[in-house]
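So you can see what is in the structure, the chains are spelled out below.
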Amino acid sequence: MATVESTNGLPKIEIYSTLTRAKAPLVTVKPGHVGMYLCGPTVYKPSHIGHMVGPVIFDTVKRYLVYSGWQVTWVVNVTDVDDKIIAESAVRGTTMAKLAEEMTADYLENLATLGVTSIDEMPKATDHIGTIITFIEGLIAKGSAYASDGDVYFDVTRDADYGKLTNRSVESTQGEGGSTADRKRSAADFALWKKAKAGEPAWESPWGPGRPGWHIECSAMSKAILGPHFDIHGGGLDLVFPHHENEIAQSESLHDCPMATFWMHNGLMQAAGAAGKVGGRPRGVEDAADDAATQAATKISKSTGAEPFKKLLERHRPEAIRVLLLSTHYRSPIHFGEEPLGESARAMEAFERLFARFQRVSGKAFYTLPCRDRRAGDAAVAAAGDEVKALREKFLAAMDDDFNTAIAIASLFDYVRVVNKFIDQHGLEAKKPAAELATLDAMMLMLRELTGVLGLFLEPPQKAAGADEGLVAKLMELVIEIRANARKSKDFATADLVRNKLTEAGIVLEDRPDGTGWSKK
RNA sequence: GGCUCCGUAGCCAAGUGGCUAAGGCAGCGGAUUGCAAAUCCGCCAUCGUCGGUUCGACUCCGACCGGAGCCUCCA
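Read on for a plain summary of the structure. Throughout this document, residue positions are counted from 1 along each chain, in the order its sequence is written. Whichever chain is written first becomes A and whichever ligand is written first becomes 1, with later ones labelled in order. Restriction of local features to residues with pLDDT of at least 70 applies here, the model being predicted, together with a cutoff of 80 or more for giving and counting side-chain atom pairs; totals for whole chains, interfaces and linings are based on all residues. Side-chain measures were taken over the full set of non-hydrogen atoms in the model, leaving aside hydrogen atoms and water.

Comments concerning the packing of aromatic side chains
Reasoning step 1: Whether two aromatic rings pair depends on their centres lying within 6.5 Å, for rings of Phe, Tyr and Trp, where Trp uses its six-membered ring; planes under 30 degrees apart make the pair stacked, over 60 edge-to-face, and the rest tilted. All chains considered together, the criterion is met by 13 aromatic pairs.
Reasoning step 2: Note on F355 and F457: the rings are 5.0 Å apart at their centroids and 85° apart in plane angle, and the pair reads as edge-to-face. You can see F355 sitting in helix 10 (residues 338–362) and its partner F457 sitting in the loop between helix 14 (434–453) and helix 15 (469–488), a full 102 residues away along the chain. This pair shows no difference in class: F355 is buried, exactly as F457 is.
Reasoning step 3: With a centroid separation of 6.0 Å and an interplanar angle of 85°, the aromatic rings of F366 and Y367 are classed as edge-to-face.
Reasoning step 4: Buried means the residue's accessible area, taken with a 1.4 Å probe over protein chains only, is under 20% of the maximum for its type, while exposed means over 50%, and partly exposed covers the values in between. Overall, Y367 belongs to the buried group, its relative accessible area being 19%.
Reasoning step 5: Clustering of aromatic rings is evident, with ring pairs tying together F351, F355, F366, Y367, F413 and F457. The secondary structure listing takes helices from DSSP runs of H or I that are at least 4 residues long and strands from runs of E that are at least 2 residues long, numbered from the N terminus.

Shown next as structure tokens:
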């Protein structure tokens, strides 16, 4: 076995933390259990592809940890009270709660299509107002926060190591202080509680009616569900400062213990060929004071607004999107666009052709094979042969090393080749020797195990099926039979005409030793 | 300006102080096929530029050029 056993009998998995800028073995607060928190969306608009990156990555992290033997509790919060939600609900003439509910549903549907189904809890900020108020009171009692004219602010000068996540000093973070500067002791202080303006949603508090600041939600809710010190805190790289820096300041000031052992940050989605992250704000005029080159660059970035994810799904299969997200290392930016998605989709088809081939040979549907866990896989791997064993070890070693899904996927492409070669060499499409069939089964079970870890191919591809599906199948059967007769009598002109016309119509014929198959392109 | 990070083949993208620098897409040659498709085999990079450290660097250090994120409650 290539994997190293750690003291508690679980595999050794190394994770990079933004806080230490280094990888360290996963050692959990509670042995055998991982508490993982991901900063979720502010639900004011339909989600776009950029919102899917973190969830897909952390879903994969969770799948891999569970596969490897940990118990995992994964929390993704929903910010359902916020300036933007208030503004957008006003525009739409609806309530904040209604809009938030609607957009949360949209978010969840989109996640489900991508196979992100492993979130355990999704706390809403508005369900945790009491928790948040208690948290703020604790900070005030410790002298880390102060009330000011109905607002409450965190006092960064009382936090000796403020800025440790992003290597910033308090001085260097002092901007203008924003519109509330006159209520703050120092410009870098940030709001824990915001006094309600007239007509805004508000909750009663010791400081008067108001609502929570953004940063405090995550500190309070992660504590409520995962405890003051948990294992993995995740989010996009754009949240490192100020959001996560402030979470650390709040939680560690109150609890005097680390908030999270590992701070994992995913790279941001960028539109291929354009500057700027997907969904980012266009860079404004304030940047134009720079040189001409910068101006040229900012011009392009104006087009980075992202379409709703559902629109994207009209053009691309979720499987291709998931693979694209996982084929880049999670800490790197992802180049996203029609072209990369198309390539990703084409690459996926090699897997699906193999699944179809497997079904022809063995009569078994790949999608119904059981996804084993790592221990069971360890026990079963010998039956699949040395090549498979080596590729599985490569896969596991890559995932153990900070979830290197890019290498893991690469090993799966090698895997497909190995299995195809096996079928070729033993002529399994024509004859079916029991011993080789058993080996093939073992190989495919292993592929099922590994693709399942990445959350891939869990469901059969969605057929663009209509009521005509059965009719088309019958017609194709007929066409293929007629063409087969033509081929038998060496009437290749007719046979080729049929095939070419079908190709034009988007149907691909494959003449195999045991007959002709067809598929829609 | 400050703080992070990146620059690998036509495109995308892993990776390592020293054996043949993953994988995908595209392309080329071959096997197979009546011809194709699919499949298999083979080919296709010296790692932004310039210096330095080292027996040896693409991998470490420095400078420069180019790109990205954050410093503005954006995943």
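Observations concerning the packing of helix 1 (residues 49–67) against helix 12 (residues 386–400)
Reasoning step 1: The contact between helix 1 and helix 12 brings their axes to 11 Å, and the two run at 120°. Crossing handedness for the pair helix 1 and helix 12: left-handed. From helix 1, T60, Y64 and Y67 reach across to helix 12, where they touch R392, L396, M399 and D400.
Reasoning step 2: When its residues are assigned to classes, the contact of helix 1 with helix 12 shows four nonpolar, one polar and two charged. A fitted line through C-alpha atoms represents every axis, and for helices the fit uses only the stretch in contact; the resulting angles, taken between N-to-C directions, go from 0 to 180 degrees. What makes a crossing left-handed is the near helix being turned counterclockwise from the far one by less than a right angle; a clockwise turn instead makes it right-handed. Contacts were defined at the residue level, with two residues in contact if any of their heavy atoms lie within 4.5 Å. Each residue is assigned to one of three groups, with Ala, Val, Leu, Ile, Met, Phe, Trp, Tyr, Cys and Pro labelled nonpolar, Asp, Glu, Lys and Arg labelled charged, and all others, Gly among them, labelled polar.

What to know about the side chain of S89
Reasoning step 1: Within the secondary structure, S89 sits in helix 2 (residues 83–92).
Reasoning step 2: Under the relative-accessibility criterion, S89 is labelled buried at 4%.
Reasoning step 3: Among all residues touching S89, those that are not within four sequence positions of it are T94, T95, M96 and L99.

Some remarks on the environment of G506
Reasoning step 1: One can find G506 in the loop between helix 16 (492–504) and strand 13 (507–512).
Reasoning step 2: Considering only alpha carbons, one finds G506 and K520, 14 residues apart in sequence, at a separation of 5.9 Å.
Reasoning step 3: Every residue in contact with G506, bar those within four places of it in the chain, is listed here: S519, K520 and K521.

Notes on the sheet that holds strand 6 (residues 151–154)
Reasoning step 1: The pairing criterion is simple: DSSP has to find at least two bridges between the two strands. The sheet built from four strands is open, its strands ordered 5-6-7-8 with antiparallel pairing. On the outer flanks of this sheet lie strand 5 (145–148) and strand 8 (210–212), each paired with one strand and no other. The mean angle between the axes of side-by-side strands here comes to 20°, regardless of whether they run parallel or antiparallel.
Reasoning step 2: Where strand 5 lies against strand 6, four bridges are found, and the strand directions are antiparallel. When the sheet's bridge partners are listed, S148 is paired in strand 6 with D151.
Reasoning step 3: Lying over the sheet, helix 4 (residues 129–141) contacts strand 5, strand 6, strand 7 (190–195) and strand 8, oriented at roughly 125° with respect to strand 7.
Reasoning step 4: Sheet strands in contact with helix 6 (residues 240–255) are strand 6 and strand 7, and its direction is about 85° off that of strand 7.

The values are spatial; any link to function lies outside them.
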